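One letter stands for each residue in the lines below.
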Amino acid sequence: MSEDAVDEDKTRLRALGVRVRQGVRDLLPTTSLTLRGGEVAVAVGPPGGGHTSLALALAGRLRLDAGRVEVDGDASPRVLQAAVALVDVPGVSEPDEMVPFRTILGEELAMAKQKPSAVAIDGWLGEYDLATGITTEAVPPGPRLEILARMALLRPGTRYLVLTYPERLGLPVGDWLGIATDLAESGSRPGVLVTASPAVSIPAGVRTFTIGPTEEA
């Protein structure tokens with residue numbers, strides 16, 4: 001194998017036999033997957049079957065009981081946290097439903113090290129025809145997911161996005177897959193991983209993985 005091939009092989013987000021336990025219970029059953037820049041992939045598992053734990057593990061925010069997560073061969077939590085952004089993850093990065101959405105946008109801009117000015121926030125709301133005082137719970141699920149993901153991409157160093165279980169918002173697979181594809185094809189060409197339940201019919205040609213012992217679905 002050439003040196004160039006080795007370098008190319010390392011240029012990805014990879015989970016190798018990752019497992020997280022709490023007592024005798026698996027929070028994340030043994031899971032393996034890979035994700036490259038500019039690619040959309042889907043990790044499939046039952047509701048409550050490790051979606052949030054997988055997201056946290058990929059972002060270097062959860063202690064592993066087995067396996068390894070790495071970006072370009074580097075498994076340090078600092079590198080993973082800088083490269084992997086978690087979008088609307090239940091109980092983690094999910095915004096407060098009763099808070100004005102403009103407040104959430106201001107927080108996201110601050111995380112991206114951009115000035116959370118009223119003009120900038122109004123610009124985002126106006127782009128999606130959202131009312132100035134709209135609460136987060138009133139934002140339609142498509143714009144909500146797309147805006148939060150686009151804002152996560154503004155954070156310095158973000159190379160991968162994890163969109164956790166968007167079907168819980170009532171989004172059809174075509175809608176969230178379309179958003180994920182647009183994100184992956186945007187200027188910085190991030191890798192986008194979406195988690196979904198087995199009830200979702202994933203179109204042919206989209207790479208899928210199983211949250212659990214079998215690597216590829």
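Calculation notes
- Residues numbered from 1 in each chain as written.
- Predicted model: local features only at pLDDT ≥ 70, side-chain atom pairs only at ≥ 80, totals over all residues.
- Heavy atoms only, no water.
- Helix = DSSP H or I, 4+ residues; strand = E, 2+ residues; numbered from the N terminus.
- Buried < 20%, exposed > 50% of the residue type's maximum accessible area, 1.4 Å probe, protein only.
- Pairing = 2+ DSSP bridges.
- Axes fitted to C-alpha atoms, helices over the stretch in contact; angles between N-to-C directions.
- Contact = heavy atoms within 4.5 Å.

Novice: Tell me what's going on with the environment of Leu 145, and back it up with residues and numbers.
Specialist: Relative to the elements of secondary structure, Leu 145 occurs in helix H6 (residues 141-153). Residue Leu 145 is classed as buried on the basis of its relative accessible area of 2%. Sequence spacing of Leu 145 and Val 87 is 58 residues, and the spatial spacing of their C-alpha atoms is 7.7 Å.

Novice: Tell me about the sheet that holds strand E4 (residues 66-71), and please be specific about residues and values.
Specialist: If you walk across this open sheet you meet the three strands as E2-E1-E4, and the pairing is antiparallel. Each edge of the open sheet is held by one strand with a lone partner, namely strand E2 (25-35) and E4. The sheet shows a mean angle of 20 degrees between the axes of neighbouring strands, direction not considered. Sheet topology note: the strand E1 (residues 13-22)/E4 ladder contains five bridges and is antiparallel. Within E4, the position partnered with Leu 16 by the bridge is Arg 68. Together, E1, E2 and E4 form the strand contacts of helix H2 (residues 51-58), whose direction differs from that of E2 by roughly 55 degrees.

Novice: Outline the environment of Ile 202, supporting the account with residue identities and numerical values.
Specialist: Along the chain, the position of Ile 202 falls in the loop between strand E7 (191-196) and strand E8 (207-210). C-alpha of Ile 202 to C-alpha of Val 173: the two residues are 29 residues apart in sequence and 7.4 Å apart in space. Beyond its immediate stretch of four places on either side in the chain, Ile 202 contacts Val 42, Val 173, Trp 176 and Thr 208.

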